[in-house]
Structures are given as structure tokens and as C-alpha cells.
Amino acid sequence: MPAADSSTPPLRPATIAVTAGRPPHTPDEPLNVPVTMASTYVAGGDLEYGRYGNPTWTAFEDALGALEGGRALAFSSGMAAITTLLDLVGHGGSVVAPRHSYSGTIAALADFEARGRLRAQLVDITDTEAVVKAMEDDEDCALLWLESPTNPALELADVATLAEHAHRLGIQVVVDNTFATPLLQQPLALGADVVVHSATKFIAGHSDVLMGALVVGTDAAEVHAALKGRRDLAGSVPGTFEAWLSLRGLRTLHVRLERASANAAELAARLREHPAVDDVRYPGFGAITSLVVHGGADAADRLVRSTALWVHATSLGGVESTFERRRRWKLEAATIPEGLVRLSVGIEDVEDLWEDLRGALDRLV
Ligand code: PLP
């Protein structure tokens, strides 16, 4: 991207998504950052070894950092990013987290807890007062973990208010921003200290990559160094091609998300009217919506087996529409209804998506 000077107005998110992290405009040089396959570098520079840095990761980190308004670090998966963060909590510290966090996050918290590393307090993240009280009542609380919207209950947290209270109590704030993406929510601007992404989902966007990222504020050099230090030691770094694919995905995030969100809003409205559907959860933005079918696990299992376009698959955020009965996983919270099916709405024609889904729902009635 050409260097900005003080007379240049700030770029808008769609432009940042397309332009950030590109090489300078040099005749005969490629427009895009190439895939740099290197386990080592000629000594004497900043990189030295393939576990410490890679120009393709850097390009991805620059682009995501610019969108989130911070500095990003790429990881091999969302879970690698999450466990790296949890590893920074001191021995015996406690973490307040949503009871309906992504099941992998809950499992990681339970694993850290079982090994005596930390304590986890799971809360209803929509109840701001209760979350504040949980932090106030726990003198060991070191971290407030937020996920908003939550996966798959799609609950929202009041990030700004909770961050203000957490900081009053000396507690750091993390937001898993996987569902909202930096285009719909910028947690650092709301007061968060660290943003988590499973780049596997909307950022990469094509169901072909596993990758994660953490983003910290531009002035948080110490936290950045601590997280990079953990990444260097654990080797939880992304493959170079994965970083390249994720950056390629990021370039179209705004266009994909616009279409997928419009499709999701339309489907949520139509699903609310269908007699086979007991409940629809849609936070009003984004491409994920969850429905609860009448008839519990049995009906939901029949639904996910009887569509042509909708694919029964875990994960989310791809261009293709997928759905999943979340309670098929033992790890999923018992408070998630058995008949809940999470839809990851893609960018196909909404009428085709609706006809396929409605047909399958009609057969349940
Ligand atoms: N955070 C959220 C909200 C997720 O949905 C997921 C995966 O489904 C993760 C984190 C973990 O990311 P990954 O699968 O890339 O390790």
C-alpha cells in the first residue's frame, strides 16, 4: 500500500481489506505477497528462522491488524491462539467466561483447570450485572473472556460496559470476534485488550484452511512480545500457504459478508414463520443464525439429513451454506437445546437456500 501522509483521509474498511499488507508499488514486482517457503533465512536480519517469522504471515497480520485497529499475530488455528492466551494467565488466576462459549474454548478452560493452572467461572454473558459481580467477587480474576455473539446460542455481550468494569478491577479483556469479524465489531475500540479469531471461518472464508490470530492494541508492545514469545516457543505457527489463503480470503470478506448477512437476515425472518420451528436466534447481523426445531434431537437429525444444498458439516463461515445439530458433540453445553441447528449461511441465491430448507422443514410437520 502506498505510504499515507497526514493529509490522507483514513481508509474505509472495504478498502483496507483489499489494500492492507500489500508490497509497495514497484515496477515488475507482483501485486500480491508471494508464498515464501522458508525454514531459515540468511543470518543477520530480523527473521533468522522459519518459526520466528515469515513475510507471508506478516502480510496477513498487517491486513488483519489494520482492520481490527491493532497488531495481529497469526497462529496455526483458532485454538492455538486461544490456548496461547490462556497460557499467559498466571498460576491460580481465574477466568470469567461465557457458559455458551465455543465448545473448544470451554474444553480448553476445563483442561487448564483440571491441571490446576487456573479456575474458570462460566457466566451468562447477556447479564451484564451478573458478569460484573462475578469479577468483583473473585479476587483472583485475571481475565474476562468474551465471545459475542456466542457460538451457537448467538447471545450478545455489552463489551464496552464490561471492559470498563474489568479495567476498574485490573482485569484484562479478551473478545473472540470470530462471528462478528472486524467489519461488524471492533473490540479494541470497545475497550478489549486482545481480540481472538478463528481465521478458519469468515476470514479465510472457503472451508479450506485452518488458521487463527490474536490482535492487540498498537501500543501494547509488551503483550504482543509475550504472545509472540509463546508462539515462538510452542511453534504454533501457521503454514505459509494457509497464511496466503487466509489473506486471499480476507480480500473479499466485506463482499462475502454483505451477501451472507443479507441471506441470513432473510432466512431468519422466514424461519420464524415456519410451523416446524420453535425458536430462531439471529442477533440482527452476521451470517450465522440458529433455529430450534420442534421435536428435539430426532427432528433436527432428520432435518440435517434431508437437504440437497445445505451440507451437514461442522465449522462455519464459508461461501457455501452448511448447518449442524450442535448437541451431536458431547462437548457442547447441556443448556444448548437438543434440537438446535446452527446455520452458517453462504452466498448462494437466497431463494434456492430457502426452497431447500423449507422443503426439509415441511417434511417434519
Ligand atoms: N472460536 C470460535 C467462536 C469458533 O467457532 C471456533 C471454531 O469453531 C474457534 C474459536 C476455534 O477455531 P479453530 O477451529 O480454527 O481452532
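Going by the structure above, here's the rest.
Owing to the predicted nature of the structure, the values given are computational and were not obtained by experimental measurement.

Rules and cut-offs
- Residues numbered from 1 in each chain as written.
- Predicted model: local features only at pLDDT ≥ 70, side-chain atom pairs only at ≥ 80, totals over all residues.
- Heavy atoms only, no water.
- Helix = DSSP H or I, 4+ residues; strand = E, 2+ residues; numbered from the N terminus.
- Rg over C-alpha atoms; globule rule 2.2 N^0.38 Å.
- Buried < 20%, exposed > 50% of the residue type's maximum accessible area, 1.4 Å probe, protein only.
- Lys, Arg positive; Asp, Glu negative; His and termini not counted.
- Charge placed at Lys NZ, Arg CZ, Asp CG, Glu CD.
- Salt bridge = Lys/Arg side-chain N within 4 Å of Asp/Glu carboxyl O.
- Near = heavy atom within 4 Å.
- Polar contact = N/O pair within 3.5 Å; in protein donor to acceptor, adjacent residues only side chain to side chain.
- Areas by Shrake-Rupley, 256 points an atom, 1.4 Å probe, with all protein chains shown as cover.
- 1 Å grid on protein atoms, 1.4 Å probe; cavity = no way out; pocket = protein on both sides within 12 Å on 5 of 7 lines; lining within 4 Å.
- Sits in = over half its atoms within 2 Å of the grid points.
- Nonpolar A, V, L, I, M, F, W, Y, C, P; charged D, E, K, R; others polar.
- Pairing = 2+ DSSP bridges.
- Contact = heavy atoms within 4.5 Å.
- Axes fitted to C-alpha atoms, helices over the stretch in contact; angles between N-to-C directions.
- Phe/Tyr/Trp six-rings, centres within 6.5 Å; stacked < 30°, edge-to-face > 60°.
- Lys NZ or Arg CZ within 6 Å of the ring centre and 35° of its normal.
- Arc of directions from axis to C-beta.
- Points joined across faces, edges and corners; volume = space filled by probe spheres on them.

**Q** Any chance you could explain the overall build of the chain here in plain terms?
**A** When helices and strands are tallied, the chain shows 12 helices and 12 strands. Expected size for 365 residues packed as a compact globule is a radius of gyration near 21 Å; at 21 Å, the chain falls within 12% of this value. Here the chain holds 365 residues, and the buried ones make up 52% of them. With 31 positive and 48 negative side-chain charges, the chain shows a spacing of 5 Å between the two charge centroids.

**Q** Help me understand the pattern of salt bridges, please; the structure alone is not making it clear to me.
**A** Pairs may arise between side chains of opposite charge once their charged atoms sit close together. Counting across every chain of the model gives 20 salt bridges. Among the ionic contacts, a cluster of salt bridges with common partners joins Glu 324, Arg 326, Arg 328, Glu 332 and Arg 342.

**Q** Before we go on, may I ask you to explain the site of the ligand in this structure?
**A** Around the ligand, the surrounding shell holds 13 residues, and the nearest of these are Met 79, Asp 176, Ser 198, Thr 200 and Lys 201. At 2.8 Å, a side-chain N or O of Ser 198 approaches an oxygen atom of the ligand. Separating an oxygen atom of the ligand from a side-chain N or O atom of Lys 201 is a distance of 2.9 Å. Here the ligand has 390 Å² of accessible area as a free molecule, and 92% of this is covered by the chains. Among the cavities detected, the one that contains the ligand is the largest pocket. If you tally residues by element for the shell around the ligand, the top one is helix α3 (residues 78-87), at three residues. The residue makeup of the shell around the ligand, split by class, is four nonpolar, six polar and three charged.

**Q** Explanation requested: the sheet that holds strand β11 (residues 322-325) in the structure shown.
**A** Hydrogen bonds between backbone groups are what pair the strands of a sheet, and the pairing can be parallel or antiparallel. One open sheet holds the five strands; their spatial order is β8-β9-β12-β11-β10, and the pairing between them is mixed. Whereas interior strands pair on both sides, the edge strands pair on one side only; in this sheet they are β8 (277-281) and β10 (311-312). The pairing of β8 with strand β9 (residues 288-293) spans four bridges and is antiparallel. In the strand pairing of β9, Arg 281 is matched with Ser 290. Against the sheet, helix α11 (residues 296-304) touches β9, β10, β11 and β12 (340-344), its axis set at about 155° to β11.

**Q** Explanation requested: helix α9 (residues 240-250) in the structure shown.
**A** Residue pairs spaced three or four apart in an α-helix point in one direction, given the helix's 3.6 residues per turn. The set of residues buried in α9 consists of Thr 240, Ala 243, Ser 246, Leu 247, Gly 249 and Leu 250. Buried-residue contacts for α9 involve α1 (13-19), α2 (55-68) and α10 (253-272).

**Q** Sorry if this is basic, but what is going on with the side chain of Arg 327 here?
**A** Note that Arg 327 resides in the loop between β11 and β12. A distance of 3.1 Å separates a polar side-chain atom of Arg 327 from the backbone oxygen of Ala 334.

**Q** Would you explain the packing of aromatic side chains in this entry?
**A** The relation between two aromatic rings is expressed through the spacing of the ring centres and the mutual angle of the planes. The final tally for this structure, using the stated rule, is three aromatic pairs. Taken together, a centroid distance of 5.8 Å and an interplanar angle of 10° make the contact between Phe 241 and Trp 244 stacked. One end of the pair is Phe 241 and the other is Trp 244, both in helix α9 and three residues apart, which spans about a single turn. The class for Trp 244 is partly exposed, based on a relative accessible area of 22%. With a centroid separation of 5.6 Å and 40° between ring planes, the pair formed by Trp 310 and Phe 323 is classed as tilted. One end of the pair, Trp 310, is in the loop between α11 and β10; the other, Phe 323, is in strand β11, and 13 residues separate them in sequence. On the accessibility criterion, Phe 323 (1% relative accessible area) is buried. Between the NZ or CZ atom of Arg 115 and the centre of the ring of Phe 112, over which it lies, the distance is 5.0 Å. Across from the ring centre of Phe 75, 6.0 Å away, lies the NZ or CZ of Arg 231, which sits over that ring.

**Q** Explanation requested: helix α5 (residues 128-136) in the structure shown.
**A** Buried within α5 are the following residues: Val 131, Val 132, Ala 134 and Met 135. The arc that holds the buried residues of α5, viewed along the axis, is 160°, so those residues lie on one side. Contacts made by the buried residues of α5 are with β2 (93-98), β3 (118-123), β4 (141-147) and α6 (159-168).

**Q** Any chance you could explain the environment of Gly 284 here in plain terms?
**A** Assignment of secondary structure puts Gly 284 in the loop between β8 and β9. In this structure the C-alpha to C-alpha distance between Gly 284 and Ser 321, which are 37 residues apart in sequence, comes to 18 Å.

**Q** Would you take a moment to explain the sheet that holds strand β6 (residues 194-198) for this structure?
**A** Ordered by their spatial adjacency, seven strands build an open sheet running β1-β7-β6-β5-β4-β2-β3, and the pairing between neighbours is mixed. Of all strands in the sheet, those bounded by a partner on one side alone are β1 (71-75) and β3. Taken pair by pair, the neighbouring strands of this sheet meet at an average axis angle of 20°, ignoring direction. Across five bridges, β1 lies against strand β7 (residues 212-216) in antiparallel orientation. By the bridge assignment, Arg 71 is partnered in β7 with Val 216. Sheet strands touched by α2: β1, β6 and β7. Its angle to β1, the strand with the most contacts, is close to 135°.

**Q** What is the right way to look at empty space enclosed by the protein in this model?
**A** Where empty space is left becomes clear once a probe the size of a water molecule has been rolled over the atoms. Enumeration according to the criterion identifies two cavities of 30 Å³ or more in this entry. If you add up the space inside the largest cavity, you get close to 50 Å³. Considering the residues around the largest cavity, the lining is formed by Phe 202, Leu 253, Arg 256, Leu 257, Ala 260, Gly 317, Gly 318, Val 319, Val 345 and Ile 347. Class assignment of the residues belonging to the lining of the largest cavity gives a composition of seven nonpolar, two polar and one charged. Quantified by volume, the second largest cavity comes out at close to 40 Å³. Pro 149, Leu 154, Phe 179, Ala 180, Pro 283, Phe 285, Gly 286, Ala 287 and Ile 288 are the residues that line the second largest cavity.

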